[in-house]
Amino acid sequence: MVVGDISTGTDVLVIGAGPGGYVAAIRAGQLDLDVTLVEREAFGGVCLNHGCIPSKALITATGVAHEAANAEEMGIHADPAIDMGGMVEWKEGIVDRLTGGVEKLCKANGVNLVEGTAEFAGSHKARVAHDGQGQGSESIEFEHAIVATGSRPIEIPGFEFDGEHVLSSRHALSPDSAPDSLVIVGAGYIGMELAGVYAKAGTDVTIVEMLDEALAGYTDDLAAPVVDNIEELGVELHLGEAAQGWEETNDGIEVATENADGEESTFDAEKVLVAVGREPVTDTLNLESVGLEPDEDGFLATDDRARTDVSHVYAVGDVAGEPLLAHKGMKEGRVAAEVIAGEPSALDYQAVPAAVFTEPEIGTVGMTEAEAEEAGFSPVTGQMPFQASGRALTTGHTDGFVRIVADEESGFVLGGQIVGPDASELVAEVGLAIELGATLEDVAATIHTHPTLSEAVQEAAENALGHAIHTLNR
Ligand SMILES: Cc1cc2nc3c(=O)[nH]c(=O)nc-3n(C[C@H](O)[C@H](O)[C@H](O)COP(=O)(O)OP(=O)(O)OC[C@H]3O[C@@H](n4cnc5c(N)ncnc54)[C@H](O)[C@@H]3O)c2cc1C
């Protein structure tokens, strides 16, 4: 096959098959658009292959072992052994099942799948290079394009990922074995989630974080139970320490750090995992040829219809900016496809939930009390500690609370912050309340199943109204 010898046309070209791109492609297919989805590596993107799903699989598996080993109080005596190879194989089975499912769904919705690396080659033209020798490339003419190329882990100077000594989150999710010791650079959600996984798998974990707090972006009362728990697991947390470099020693490696006063420290470990954030993949797309320029951080600016400055080009998912979360990308993908199909679809970010899958979990959505005040509301809050929840007691996990934020005058629910068991699931109830314009009375009057953790959301609403039954009203 000669390079560039094929030329095809499509209504919608989607570049990247992560949660932003595959949702856009499937929705476009459902709306009878002729759609071509190009993916260079693996359907499902980072989320399914190297992010959300693999991390949650390992969190669950190591959590099962940890729970079993620490359940004497429940009358269970066990000493589980972790076979990391078996665990990774199980995780890969889940990934294969999901990525295969995405491919099937794309095909069933008429999406034309192309394997290869795409870049723009004109205002309505892209070139796709197929991998492998002699595989050539093809040109695709498009009416509309959706950029969904996602993000990659940020490399800091002196810590180039080699998969041997210096790991990215991707390496850390497919280990051959758990290292004896691990330094994690970064106490954001990815660093904290993986610290829990490795600590429960028996690794001595040390976290070094440049900032003076872990889980920056979450209020102190949400982060505190997570920090307490990670330290109880034996993880050493060093805040205010910026990683400077590493060198090989006889026993492994030594990671050097420096604090704000210029004092230096070193940490010995077998490996170092760098989890300091992610950056958008927009530099490999030849964006100039389509008339686009990313901002200084590499993101593409979009309007409330996911459209970039070039009106026939859309950007969804991580390339379109914070928050870099799969469900935000999925929503943007859906909206982009609907707008292209002429539907009156638009984005509204008032209730984008976020979750941290640590122990305990954190789930947030909408506004905090301070944000509500800043936005001109007179916020009222209600809180329910899990210690007062019958169901939480029966799970053995009572750290944390549900807080609900509402407007005192209208009663409309504005936000929720949860730290505790299943916070990632419970936050959906608050998100739904915000989307539906529900009031505190609506949430309080909804009969919740007993005994469940979700009763804590109802109780928090009742607490805000001053008539909670199971806790003292404030
Ligand atoms: C360890 C980890 C845990 C995470 N956990 C969560 C979580 O619990 N919840 C959550 O919401 N988010 C989580 N995330 C974030 C989530 O994975 C991302 O927000 C999400 O994957 C972004 O989706 P996307 O479609 O924008 O891009 P991606 O998933 O990054 O997919 C982009 C795709 O585009 C392809 N591509 C790139 N360039 C080209 C090109 N030129 N041609 C063809 N294909 C191309 C890539 O190969 C990739 O498959 C996690 C991330 C990590 C790393």
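Residues numbered from 1 in each chain as written. Predicted model: local features only at pLDDT ≥ 70, side-chain atom pairs only at ≥ 80, totals over all residues. Heavy atoms only, no water.

Describe the overall build of the protein chain, with residues and values.
Of the regular secondary structure elements, the protein chain holds 13 helices and 22 strands. Each principal axis of the C-alpha atoms in the protein chain carries an extent, and together these give about 70 × 65 × 45 Å. Among the 474 residues that make up the protein chain, the fraction classed as buried is 51%. A separation of at least 24 residues holds for 61% of the contacts in the protein chain among residues at least 6 apart in sequence. Counting every atom, the protein chain has about 21,800 Å² of accessible surface; 48% of that belongs to carbon and sulfur. (Helix = DSSP H or I, 4+ residues; strand = E, 2+ residues; numbered from the N terminus. Buried < 20%, exposed > 50% of the residue type's maximum accessible area, 1.4 Å probe, protein only. Contact = heavy atoms within 4.5 Å. Areas by Shrake-Rupley, 256 points an atom, 1.4 Å probe, with all protein chains shown as cover.)

A description of the site of the ligand should follow, citing residues and the corresponding values.
Of all residues adjacent to the ligand, which total 40 residues, the nearest are G20, E39, K56, D318 and A326. With respect to the ligand, the backbone of S151 contributes an N or O atom lying 3.5 Å from an oxygen atom. At a separation of 2.8 Å, an oxygen atom of the ligand approaches a polar backbone atom of A326. Elements with a minimum of two residues in the shell around the ligand: α1 (19-30), β2 (35-39), α2 (45-50), α3 (52-69), β4 (117-120), α6 (189-200) and α8 (326-340). With four residues, the top contributor of residues to the shell around the ligand is α2. Its residues placed into classes, the shell around the ligand shows 18 nonpolar, 16 polar and six charged. (Near = heavy atom within 4 Å. Polar contact = N/O pair within 3.5 Å; in protein donor to acceptor, adjacent residues only side chain to side chain. Nonpolar A, V, L, I, M, F, W, Y, C, P; charged D, E, K, R; others polar.)

Kindly report on the sheet that holds strand β11 (residues 236-239), identifying the contributing residues and their values.
Across the sheet, which stays open at both edges, the five strands sit in the order β8-β15-β9-β10-β11 with parallel pairing between neighbours. Since the sheet does not close on itself, it has two edges, and those belong to β8 (166-167) and β11, each with one partner. Across four bridges, the pairing between strand β10 (residues 204-209) and β11 is parallel. Within the sheet, the bridge partner assigned to V208 lies in β11 and is H238. (Pairing = 2+ DSSP bridges.)

Explain α8 to me, using residue names and the numbers behind them.
Its 15 residues place the ends of α8 21 Å apart at the C-alpha level, agreeing with the 21 Å of an ideal helix rising 1.5 Å per residue. Of all 15 residues in α8, 11 are buried; the element is thus mostly enclosed. Of all the positions in α8, only A326, K328, G329, E332, G333, V335, A336, A337, E338, V339 and I340 are classed as buried. Those residues of α8 that are buried are in contact with β1 (6-15), α1, α2, α3, β6 (137-147) and β17 (313-315). G342 occupies a position one or two residues after α8 and carries a positive phi of about 90 degrees. (Expected span 1.5 Å × (residues − 1).)

I'd like to hear about the nonpolar core, residue by residue, with values.
M192, V205, I207, L215 and I362 are the most contacted members of the largest nonpolar core, which has 38 residues in total. Broken down by secondary-structure element, the contributors of at least two residues to this core are α3, α4 (84-108), β9 (181-185), α6, β10, α7 (220-232) and β18 (354-356). Beyond its immediate stretch of four places on either side in the chain, I207 contacts I184, G186, A187, M192, A195, V235, E236, L237 and H238. Core analysis: the second largest hydrophobic core is formed by 30 residues, Y22, V35, A306 and A336 among them. (Core = buried A, V, L, I, M, F, W, Y, C linked by side-chain atoms within 4.5 Å.)

Just give me the short version of the side chain of Q417, but keep the residues and values in it.
Structurally, Q417 is set in strand β22 (residues 413-420). When its relative accessible area of 2% is taken as the criterion, Q417 is described as buried. Within the structure, the side chain of Q417 is placed 3.0 Å from the backbone oxygen of M367, a separation counted as a polar contact.

Talk me through the packing of α3 against α6; I want residue IDs and the actual numbers.
Axis separation between α3 and α6 bottoms out at 9 Å; the angle between their running directions is 40 degrees. By the angle between their axes, α3 is oblique relative to α6. Regarding α3 and α6, the two cross each other, and that crossing is left-handed. Only E193, V197 and K200 of α6 make contact with α3, whose side of the interface consists of S55, K56, L58, I59, T62, G63 and H66. Here the residues of the contact of α3 with α6 sort into three nonpolar, four polar and three charged. (Axes fitted to C-alpha atoms, helices over the stretch in contact; angles between N-to-C directions. Parallel < 35°, antiparallel > 145°, perpendicular 65-115°, else oblique. Left-handed = near helix turned anticlockwise from the far one by under 90°.)

Residues and numbers for the sheet that holds strand β13 (residues 253-259), please.
In spatial order, the strands read β12-β13-β14; together these three strands make up an open sheet with antiparallel pairing. Strand pairing shows two members of the sheet lacking a second neighbour, β12 (241-248) and β14 (264-269), which therefore form its edges. On average, adjacent strands in this sheet sit at an angle of 25 degrees to one another, irrespective of strand direction. Summarising the sheet, β13 and β14 pair through six bridges and their orientation is antiparallel. Following the sheet pairing, T257 is matched in β14 by S265.

Just give me the short version of the pairing of strand β5 (residues 125-129), but keep the residues and values in it.
For a regular strand, side-chain orientation follows a simple rule: the groups alternate between the two sheet faces. Of the two faces of β5, only one is covered, namely that formed by A126 and V128; the face formed by K125, R127 and A129 stays uncovered. Pairing between β4 and β5: four bridges, direction antiparallel. Across the sheet, the residue bridging to T117 is A129, located in β5. Two successive antiparallel strands, β4 and β5, enclose a turn made up of four residues, where G122 displays a positive phi of approximately 150 degrees. In the sheet, β5 pairs with β6 via five bridges, with the strands oriented antiparallel. The partner of A126 across the bridge, within β6, is I140.

With reference to specific residues and values, describe α1.
Between its first and last C-alpha atoms α1 spans 16 Å; for 12 residues at 1.5 Å apiece the expected length is 16 Å, and the two agree. With 11 of 12 residues buried, α1 is to be regarded as a mostly interior element. All buried positions along α1 are accounted for by P19, G20, G21, Y22, V23, A24, A25, I26, R27, A28 and G29. Following α1 by one or two positions, D32 has its phi on the positive side, about 65 degrees.

Before we move on, could you go through the environment of T8 and cite the residues and values that matter?
Mapped onto the secondary structure, T8 falls in strand β1. The spacing of T8 and E138 is 130 residues in sequence and 7.7 Å in space, taken between C-alpha atoms. Leave out the neighbours within four places in its chain, and T8 touches E138, S139, I140 and E141.

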